[in-house]
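# Residue-level structural notes
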Amino acid sequence: MDFNVKKLASDAGVFFSRAVQFTEEKLGQAEKTELDAHFESLLARADCTKNWTEKILRQTEVLLQPNPSARVEEFLYEKLDRKVPSRVTNGELLAQYMTEAANDFGPGTPYGKTLIKVGETQRRLGAAERDFIHSASINFLTPLRNFLEGDWRTISKERRILQNRRLDLDACKARLKKAKAAEAKAAAEHELRLTQTEFDRQAEVTRLLLEGINSTHVNHLRCLHEFVESQTNYYAQCYQYMLDLQKQLGRFSGTFVGNAESPSPAAATSPPAVAAATIPAVPTIPVVPTIVGVPNTVAEGVLNPNEVKPPASGTRKARVLYDYEAADSSELALLADELITVYSLPGMDPDWLIGERGNQKGKVPVTYLELLS
């Protein structure tokens, strides 16, 4: 094997000289060339950017994937430069269980129908989550990783070189001070000029890289806006999916409660008990007793708002919790936060009330209301 003995000896000498200079600086026995205040400020800003970028990156990864084992698996696949296998989201897995349960219980039963409806929504939520994770990974996590694994590594490398150039410069200054003979001084001065030139050149290269941190901040700011937009779209989708599900359940929950398919005799003889077990408790409104000889408009057919007369007592005010779109002419469309008057009619489904807003009236779902005293 061919060794360059002279180069090896030269490198060893340089390393020893730097080690001596560094040790003497730490002991306060040697002078140290200080960088200007602006340069130090750039260094501090770069270190701050690197530290906070690492923390934001790690915590965003935790937000997108709370499972530590899954994060480790994804990290290993990334390092091995292999595609991460597709993973079922929690919402999609829940949807699968609900669908399978509905098939076992009977898709035509009230519980089975509800499981299917909720399962479909959970599947949509899982798909929305998958899209959000993918978008956040590309538009936000990837630029942060690229900075840490690309630009920051380059900056760190050039800073180490600058540190070595600075040690060489200060070692030359120390040798010049110790030189006695004219020949030794001349050699030391020549070496000092060379090391000073190398130090200045490396300082300029490092300074340009550090000033590029401003561009990094601008890029990360743009990525942050994209992350927020993706997150906003995700939560808006989730809200809309759940609102749609709530409307669907509100429309046929009464059918489920009174469904004649239920094999339980107790359920057939005690509808209030079934309603209490399947529907969340809500404040009740006094029901006007059925009067013999008065036609039951609600029970006989579709409610005609023009024929509905408010009872003499039992009306209450209610605040609307969510927007509601009327399914037909017998229902009253609602706007969130508005106040309406509500009351019940003889034989009416307990999940619905009659709502009035000025001259408009119609059926409204109880689950969309907050009854006021």
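Summarised in this report is the structure supplied together with it.

What counts, and at which threshold
- Residues numbered from 1 in each chain as written.
- Predicted model: local features only at pLDDT ≥ 70, side-chain atom pairs only at ≥ 80, totals over all residues.
- Heavy atoms only, no water.
- Helix = DSSP H or I, 4+ residues; strand = E, 2+ residues; numbered from the N terminus.
- Expected span 1.5 Å × (residues − 1).
- Buried < 20%, exposed > 50% of the residue type's maximum accessible area, 1.4 Å probe, protein only.
- Polar contact = N/O pair within 3.5 Å; in protein donor to acceptor, adjacent residues only side chain to side chain.
- Axes fitted to C-alpha atoms, helices over the stretch in contact; angles between N-to-C directions.
- Parallel < 35°, antiparallel > 145°, perpendicular 65-115°, else oblique.
- Left-handed = near helix turned anticlockwise from the far one by under 90°.
- Contact = heavy atoms within 4.5 Å.
- Pairing = 2+ DSSP bridges.

### Concerning helix 2 (residues 37–64)
- End to end, helix 2 covers 40 Å across 28 residues, agreeing with the expected 40 Å (1.5 Å per residue, within 8%).
- Residues of helix 2 that are buried include every one of Phe39, Leu42, Leu43, Ala46, Thr49, Lys50, Thr53, Leu57, Thr60, Glu61 and Leu64, and no others.
- Its side-chain oxygen 3.1 Å from the backbone nitrogen of His38, Asp36 forms the N-cap of helix 2.

### Observations concerning the packing of helix 2 against helix 6 (residues 182–211)
- It is the contact of helix 2 with helix 6, at a shortest axis distance of 9 Å, that shows an interaxial angle of 50°. Taken as axis vectors, helix 2 and helix 6 run oblique relative to one another. Considering only the axes of helix 2 and helix 6, their crossing is left-handed. When helix 2 is examined against helix 6, the residues His38, Phe39, Leu42, Leu43 and Ala46 are found in contact with a partner set consisting of Ala203, Thr206, Arg207, Leu210 and Glu211.

### Describing the sheet that holds strand 1 (residues 316–320)
- If you trace the five strands from one edge of the open sheet to the other, you get 4-3-2-1-5, paired in antiparallel fashion. Because the sheet does not close on itself, it has two edges, and the strands there are strand 4 (360–365) and strand 5 (369–371). Sheet twist, expressed as the mean angle between neighbouring strand axes with direction ignored, is 40°.
- Pairing geometry for strand 2 (residues 339–343) and strand 3 (residues 352–357), over three bridges, is antiparallel. Bridging across to strand 3, Thr341 finds its partner in Glu356.

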